[in-house]
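Below, each chain spelled out in residue letters.
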Amino acid sequence: MTVYNVVLFAHITSVIIMFAGVTADWLAVAGLRGTRDAGPARAWIRTLEISAAFGPWARFAVLGAGLYLAVDAWSWPGWIIVGLISWVAFVILGEPLTGRELREMGAAVRAEPGTLPPALIARLQLPRLWQAVLARAGLGIGVVFVMAVKPPAAVAGVAVVLGALAGYSSARLSSRPGRVGTHPREEAR
Ligand code: HEM
């Protein structure tokens with residue numbers, strides 16, 4: 001057993017935890033899109049907060065271990081550069097689910113006792129939250145393909161872009177009227 005093996009184990013374990021965060025965000029945003037009451041909304045916001053508490057650590061562990069692996073045994077082939085750029089995109093896409101926006105939504109929901117006012121419901125159901133969740137999931141799956149297959153840079157680039165686009169498109173399609181989790185007001189956006 002080498003240090004490389006242990007760091008690869010740490011990298012893959014961190015990736016699993018990172019995807020646990022993606023799943024939690026997915027459930028929470030889907031839950032927020034389906035509720036108009038403060039009680040369930042508080043529970044889903046709490047789920048987002050828990051994900052935001054461990055997600056950044058997992059992402060940085062993925063990066064740290066990935067950089068070690070890259071420096072130790074690889075001379076920066078294209079697929080690793082694509083993985084690095086995708087990691088940055090993954091972090092940026094997550095901003096609406098973790099940063100100031102989440103704190104503001106949390107405070108607003110906790111201040112409401114019963115049925116949420118329409119403006120707050122609209123904010124909790126902003127399409128870009130749903131789009132961020134699904135685009136991130138697709139991008140993440142694209143990166144797993146890149147890491148496992150280690151294709152040439154162009155193929156790696158296409159894989160992650162296709163993954164992110166597939167996630168984004170499913171978010172757009174599942175926001176249409178007549179679909180599960182549909183909210184007519186989103187059509188205007
Ligand atoms: C979204 C972010 C990432 C995900 C989902 C991810 C996923 C994975 C997975 C599943 C593996 C195991 C592949 C295998 O053993 O065949 C792996 C390996 C690896 N990853 Fe990542 N990774 C990510 C980010 C990064 C970053 C940012 C770097 C470097 C800068 C990196 C560098 C590596 C390297 C060098 C390996 C070693 C492959 C080997 O020895 O077979 N990864 N990654």
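Refer to the structure above for everything that follows.
Computed from a predicted structure; not experimentally measured.

> Could you give an account of unusual backbone geometry, naming the residues involved and the relevant values?
Of note, the phi angle at tryptophan 76 is positive, near 45°, even though the residue is not glycine. For tryptophan 76, the location among the structural elements is in the loop between helix 2 (38-73) and helix 3 (78-93). Positioned with a positive phi, lysine 150 is a non-glycine residue whose angle comes to about 55°. Along the chain, lysine 150 turns up in the loop between helix 7 (127-149) and helix 8 (153-173).

> So what's going on with the nonpolar core? Residues and values would help.
Residues Val29, Ile45, Leu48, Leu97, Leu116 and Leu124 are the most contacted members of the largest nonpolar core, which totals 23 residues. Contributions of two or more residues to this core are made by helix 1 (3-33), helix 2, helix 5 (100-110), helix 6 (118-124) and helix 7. Membership of the second largest hydrophobic core comes to 20 residues, among which are Val15, Ala58, Val62 and Ala156.

> Account for the environment of threonine 47, with residues named and values stated.
Within the secondary structure, threonine 47 sits in helix 2. Separated by 72 residues in the primary sequence, threonine 47 and alanine 119 place their C-alpha atoms 22 Å from one another. Residues within four places of threonine 47 in sequence aside, it is in contact with Ala24 and Ala28.

> Can you explain the coordination of the iron atom of the ligand? Please cite residues and give values.
In an ideal tetrahedron of four donors about a metal, each angle is 109.5 degrees. In an ideal octahedron of six donors, the angles are 90 or 180 degrees. Donor atoms from the polypeptide that bind the iron atom of the ligand are His11 (NE2) and Met147 (SD), placed at 2.1 to 2.3 Å. Of note is the iron atom of the ligand, whose 6 donor atoms meet at the metal with angles of 82 to 179° in an arrangement that counts as octahedral. Of this pair, histidine 11 sits in helix 1 while methionine 147 sits in helix 7, placing them 136 residues apart in sequence.

> Describe the side chain of glutamine 131, with residues and values.
Mapped onto the secondary structure, glutamine 131 falls in helix 7. What makes glutamine 131 buried here is its relative accessible area of 14%. Setting aside residues up to four positions removed in sequence, glutamine 131 forms contacts with Tyr168, Ala171 and Arg172.

> Describe a nonpolar patch on the surface, naming the residues involved and giving the relevant values.
A surface patch of nonpolar side chains, amounting to about 460 Å² of accessible area, comprises Leu67, Val71, Trp76, Ile81 and Ile85. Going through the elements one at a time, helix 2 and helix 3 are the ones with two or more residues in the nonpolar patch.

> Help me get a handle on the packing of aromatic side chains, residues and values and all.
Within the structure shown, the criterion is met by 2 aromatic pairs. Aromatic side chains tryptophan 74 and tryptophan 79 sit 5.1 Å apart centroid to centroid with 85° between the ring planes, which places their arrangement in the edge-to-face category. Residue placement shows arginine 136 over the ring face of phenylalanine 90; its charged tip is 4.3 Å from the ring centre. In this structure, lysine 150 packs its charged tip against the face of tryptophan 79, placed 5.3 Å from the ring centre.

The rules behind each value
Residue positions are given per chain, counting from 1 as you read along its sequence in written order. Selection of residues for local features in this predicted model requires a pLDDT of at least 70, selection of side-chain atom pairs for listing and counting requires 80 or more, and totals for whole chains, interfaces and linings are taken over all residues. Hydrogens and waters are ignored; side-chain quantities use all the structure's heavy atoms. Secondary structure elements are defined from DSSP: runs of H or I of at least 4 residues count as helices, runs of E of at least 2 residues count as strands, and each element is numbered from the N terminus. Among the buried residues, those of types Ala, Val, Leu, Ile, Met, Phe, Trp, Tyr and Cys that are joined through side-chain atoms within 4.5 Å form a nonpolar core. A 1.4 Å probe rolled over the protein chains alone gives each residue an accessible area, and that area as a share of the maximum for its type sets the label: buried under 20%, exposed over 50%, partly exposed in between. We call two residues in contact whenever any of their non-hydrogen atoms come within 4.5 Å of each other. Donor selection uses N, O and S atoms within 2.8 Å of the metal (3.2 Å for Na, K and Ca). Since no water is included, sites may look incomplete. A four-donor site is classed as tetrahedral when every donor-metal-donor angle falls between 85 and 135 degrees; four donors are called square planar, and six octahedral, when trans pairs exceed 155 degrees and all remaining angles lie between 65 and 115, with any other arrangement labelled irregular. Any residue with relative accessible area above 30% and no salt bridge may belong to a patch, with like charges joined within 9 Å and the nonpolar Val, Leu, Ile, Met, Phe, Trp and Tyr side chains within 5 Å. Residue exposure ignores everything except the shown protein chains as possible cover, and the areas themselves are Shrake-Rupley values with a 1.4 Å probe. One speaks of a salt bridge when a side-chain nitrogen belonging to Lys or Arg is within 4 Å of a carboxyl oxygen belonging to Asp or Glu. Note on aromatic pairs: the rings of Phe, Tyr and Trp (six-membered ring only in Trp) are paired at centre separations within 6.5 Å, and the planes decide the class, stacked below 30 degrees, edge-to-face beyond 60, tilted for the rest. We call a charge positioned above a ring when the Lys NZ or Arg CZ atom is no farther than 6 Å from the ring centre and deviates by at most 35 degrees from the ring normal.

By themselves, these figures tell us nothing about what the structure is for.
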